[in-house]
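So you can see what is in the structure, the chains are spelled out below.
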Amino acid sequence: MRNVNDPQRILVVKLADLGDLLTATPALDALRTRFPRAEITALVTPHVASLLDHSDACNRVITFPKALFDHPGSIYRPDRAVRAGVHLGRLAARLRGDRFDAVVLLHHLTTRFGTAKYRALLAATGAPIRAGLDNGKGHFLTHRAVDQGFGARHEVDYWLDVVRELGGEASAPRPAIHLTAGELAEADRTWTSHGLGDRVAMLHPGSGAFSLARRWPPDRFAAVGDALASDGLQIAIVVGPGEATVAEAVCSRMRAPAVLIDGLSSRQLAAVLRRAALFVGNDSGVMHVAAAMSVPIVAVFGLTNHRAWGPYPPDAHRVVRLELPCSPCAYVDHRLGTPAGCAARTCLVELGPEPVVRAARELLAPRHGSVVATPAVSS
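From a predicted model like this one, the values you see are computed outputs, not experimental measurements.

S.K.: Help me out: how do you make sense of the sheet that holds strand β3 (residues 60-63) in this one?
M.R.: Pairing between the strands of a sheet is mediated by backbone hydrogen bonds and can be parallel or antiparallel. Read from one edge of the open sheet, 6 strands run β3-β2-β1-β4-β5-β6, paired in parallel fashion. Every interior strand has two partners, whereas the edge strands, β3 and β6 (143-146), have only one. Strand-to-strand twist across the sheet, computed as the mean angle between neighbouring axes with direction ignored, equals 20°. Here strand β2 (residues 39-44) pairs with β3 via 4 bridges, running parallel. Residue pairing across strands places T41 opposite R60, the latter belonging to β3. Relative to the sheet, helix α1 (residues 18-34) contacts β1 (9-13), β2 and β4 (102-105), its axis offset from that of β2 by approximately 165°.

S.K.: Whenever I open this one, the pairing of β1 confuses me. Can you help?
M.R.: For a regular strand, the rule is simple: side chains alternate between the two faces of the sheet. With respect to burial, β1 is a largely interior element, 4 of its 5 residues being buried. Two elements, β1 and β2, share 5 bridges in a ladder whose sense is parallel. Across the sheet, residue V12 finds its bridge partner in β2, namely A42. Assessed by its sense of winding, the connection that carries the chain from β1 through α1 to β2 is right-handed.

S.K.: Help me understand the pairing of β4, please; the structure alone is not making it clear to me.
M.R.: Going residue by residue along β4, you find A102 and V104 tucked away on one face and V103 and L105 tucked away on the opposite face as well. Looking at chain direction, β1 and β4 are connected through 4 bridges and run parallel. Residue pairing for β4: L11 is matched across the bridge by V103. Pairing geometry for β4 and strand β5 (residues 129-134), over 3 bridges, is parallel. Residue pairing across strands places V103 opposite R130, the latter belonging to β5. Regarding the hand of the β-α-β motif, the stretch spanning β4, helix α3 (residues 112-125) and β5 is right-handed.

S.K.: I'm lost on the side chain of S55 in this one. Help?
M.R.: Residue placement: S55 occurs in the loop between β2 and β3. There is a polar contact of 3.1 Å between the side chain of S55 and the backbone nitrogen of A57.

S.K.: Looking at this structure, how should I read the nonpolar core?
M.R.: The tendency in soluble globular proteins is for nonpolar side chains to be buried as a group. Ranked by internal contacts, the top residues of the largest apolar core, which has 64 residues, are I10, L31, V104, M202, L273 and F279. Sorting elements by how many residues they give to this core places α1 first, with 8 residues. Setting aside chain neighbours within four positions, we find L273 in contact with M202, V238, F279, V286, V289, A290 and V295. Among the nonpolar cores identified, the runner-up in size contains 39 residues, and V224, V239, Y331 and L363 belong to it.

S.K.: Please explain the packing of aromatic side chains as it appears in this structure.
M.R.: What describes a pair of aromatic rings is the distance from one ring centre to the other and the angle between the planes of the rings. Tallying each qualifying case throughout the model produces 4 aromatic pairs. Centroid distance W216 to F221: 5.2 Å. Interplanar angle 75°. Geometry classified as edge-to-face. Three or more aromatic residues link up through ring pairs in this structure, and these residues are F150, W309 and Y331. Seen from the ring of Y118, K117 lies directly overhead, with NZ or CZ sitting 5.9 Å from the centre.

S.K.: How do you make sense of the pattern of salt bridges when you look at a structure like this?
M.R.: Throughout the structure, instances matching the rule amount to 18 salt bridges. Put simply, R9 and E39 hold a salt bridge, and the shortest N to O gap is 3.1 Å. One end of the pair, R9, is in strand β1; the other, E39, is in strand β2, and 30 residues separate them in sequence. Since its relative accessible area comes to 27%, R9 is described here as partly exposed. Among the ionic pairs, R144 bridges to D134, the shortest N-O distance being 3.7 Å. Here R144, found in strand β6, pairs with D134, found in strand β5; they are 10 residues apart in sequence, far enough to count as distant. Connected through salt bridges with shared partners, the residues R9, E39, R60 and D98 form a single ionic network.

S.K.: Sorry if this is basic, but what is going on with the environment of H204 here?
M.R.: Considering the arrangement of structural elements, one finds H204 in strand β7 (residues 200-204). Owing to a relative accessible area of 0%, H204 belongs among the buried residues under this scheme. Other than its neighbours up to four places away in sequence, H204 contacts F221, V238, E243, F279, V280, G281, N282, S284 and V286.

S.K.: For this particular structure, what's the right way to read helix α6 (residues 218-230)?
M.R.: Because the α-helix completes a turn every 3.6 residues, residues three or four places apart line up on one side. With 13 residues, α6 ought to run about 18 Å at 1.5 Å a step, and its terminal C-alpha atoms sit 18 Å apart, in line with that. Residues of α6 that are buried in the fold lie against β7, β8 (234-238), α7 (244-253), β10 (278-282), α11 (346-349) and α12 (354-364). One or two steps after α6, the chain reaches G232, where phi turns positive at roughly 100°.

Cut-offs used in this document
Residues numbered from 1 in each chain as written. Predicted model: local features only at pLDDT ≥ 70, side-chain atom pairs only at ≥ 80, totals over all residues. Heavy atoms only, no water. Pairing = 2+ DSSP bridges. Helix = DSSP H or I, 4+ residues; strand = E, 2+ residues; numbered from the N terminus. Axes fitted to C-alpha atoms, helices over the stretch in contact; angles between N-to-C directions. Contact = heavy atoms within 4.5 Å. Buried < 20%, exposed > 50% of the residue type's maximum accessible area, 1.4 Å probe, protein only. Right-handed = clockwise from strand over helix to strand, strands pointing away. Polar contact = N/O pair within 3.5 Å; in protein donor to acceptor, adjacent residues only side chain to side chain. Core = buried A, V, L, I, M, F, W, Y, C linked by side-chain atoms within 4.5 Å. Phe/Tyr/Trp six-rings, centres within 6.5 Å; stacked < 30°, edge-to-face > 60°. Lys NZ or Arg CZ within 6 Å of the ring centre and 35° of its normal. Salt bridge = Lys/Arg side-chain N within 4 Å of Asp/Glu carboxyl O. Expected span 1.5 Å × (residues − 1).

Spelled out as structure tokens, the structure:
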């Protein structure tokens, strides 16, 4: 018999990309601590599912191609309609058949279409307990944590708020990827094969496919790399899928030698990143992978909301950004804003390398803060 006071079958919904899924891992851990004997299932997108491999926080992973349903018009395209219908039917049947006692939704209810999708998904589970964030649109939830808007709380803390509605707590939350001994050994071989030693700064000039507008110019990364090399650090440049051009642009502009590290899966990259002394990069999923590996991070932010998606925990890292009245322009209050940014991209173009270098040097020192805010540069 289903027990709504002590759920034994819990579904956690996080249909998102690399970084977003990692922000949810502390909430998964808190749920496991609260319900140690429950069967916890995670519903995630296929390309990030491996991040939950070997995690004690969930027993099963179900994947679903969320990209088919990102926009209202996408499901009406003839080439997608049949495929979308098949996926939806299979997912609904599986969720209903699994007879979940509780479903935990780790998404904001931002758009009308998105809210309708999640309401339908939760209804398909038939779960009597439905927990999530509420910004006034969450009437279909039985347990509601207050959504104060993007950046009012870090995304990690928002998802912890949701599981707290079910009694879940986390004393020292951190994003996590659980690596095996074999993965660590393979990463050590990769590290050695590139001639890397004990003091390596990893640069990531890419930003993933979601928003290329988040990229700081390559010449600024090159200047940071040269400055850190002059401090005695080796420089390695992380190359994600589709990022070879920008990585090579940084490398070609540097005076100091740099190693390109590419062709790695997310888990392989995590295992390699763990050995870095420092990570410098844009707002991206790779940045969150570095945070999950407890690597000190200097993150460059412009149009996106650093209070929502900065490296976590904030006091362990540094965020460098320009203080502009228009920044951030993406994901503010309860709105998406402009994820593509503006044509000028002033928030990144006018940010020079000096504050990033300074933040990196301070971060490598024994004491450091969390945000370096640089006054706007006059044109």
